[in-house]
Amino acid sequence: MSLALAPLDVSVDVEANLPCRKFDPDLWFSDSPAELELAKSLCGDCPLRVECLAGAVERAEPWGVWGGEIFERGAVVPRKRPRGRPRKEDLARDAQLRVEAEARLAASGLSESRSSVRLAA
């Protein structure tokens, strides 16, 4: 079994104060939308954010926060919705967030270079 890993930036110390190493790892795999948003925000300043996201896209991670994006069933989702039927305003916000997630992926150079990137509908 081989894992596709993004190249590691050798200038970054692996033992650096990475948010996923400093905080409870369960935060990045929470069922709570609020906790996942917190994990996303903690990823913002991480020096390995782009590599982490690229590796998660390559592996089609089934769930969790990777590189500041939420993955669900192997696809990037703009936000995790709570259980139950979504409200109409939530559907509109999801459409806007999907556009923003696509823009972030494009800015990282991941949307065009990897055909496996999927955004959940």
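The shown structure was predicted, so the numbers you read here are calculated from the model rather than taken from an experiment.

A. Main features of the UniProt feature "binding site: [4Fe-4S] cluster" (unreviewed entry) in the protein chain. The UniProt record annotates "binding site: [4Fe-4S] cluster" (unreviewed entry) at Cys20, Cys43, Cys46 and Cys52. Across 33 residues, the annotated set stays spatially compact, with a maximum C-alpha separation of 10.8 Å. Among the structural elements, Cys46 can be located in the loop between α2 (33-43) and α3 (49-59). Residue classification places Cys46 among the buried positions, given a relative accessible area of 15%. Residues within four places of Cys46 in sequence aside, it is in contact with Leu18 and Pro19. Note that Cys52 resides in helix α3. The partly exposed category is assigned to Cys52, whose relative accessible area is 28%. If we skip the residues at most four places from it in the chain, Cys52 touches Trp66 and Gly67.

B. A look at the environment of Ser32. Considering the arrangement of structural elements, one finds Ser32 in the loop between α1 (19-22) and α2. On a C-alpha basis, the gap between Ser32 and Lys80 in space is 8.0 Å, while along the polypeptide they are 48 residues apart.

C. Region of interest: the sheet that holds strand β3 (residues 75-77). Strand order in the open sheet made by the three strands is β1-β2-β3, with antiparallel pairing throughout. What marks the edges here is a single partner per strand, and that holds for β1 (63-66) and β3. Direction aside, neighbouring strands of the sheet carry axes that sit 35° apart on average. Bridge count for β1 against strand β2 (residues 69-72) is four bridges, and the pairing is antiparallel. Following the sheet pairing, Trp63 is matched in β2 by Glu72. Contacts from α3 reach β1 and β2 within the one sheet, and its direction differs from that of β2 by about 15°.

Definitions and cut-offs
- Counting restarts for each chain: residues are numbered from 1 in the order of the written sequence.
- Local features in this predicted model are restricted to residues whose pLDDT is 70 or higher, and side-chain atom pairs enter the listing and the counts only when it is 80 or higher, whereas totals over whole chains, interfaces and linings include all residues.
- In computing side-chain values, all of the structure's heavy atoms are included and hydrogens and water are not.
- UniProt positions are given in the numbering used here, feature names are shortened, and annotations may be inferred rather than shown by experiment.
- Helical segments are the DSSP runs of H or I of at least four residues, strand segments are the runs of E of at least two, and each set is numbered from the N terminus.
- Here the term buried applies to any residue with accessible area under 20% of the maximum for its type, exposed to any over 50%, and partly exposed to those in between, with areas from a 1.4 Å probe on protein chains only.
- Any two residues having at least one pair of non-hydrogen atoms within 4.5 Å are treated as being in contact.
- Following DSSP output, two strands are said to pair if at least two bridges run between them.
- Every axis in this analysis is a line fitted to C-alpha atoms, fitted for helices over the stretch in contact. Angles between the N-to-C directions lie between 0 and 180 degrees.

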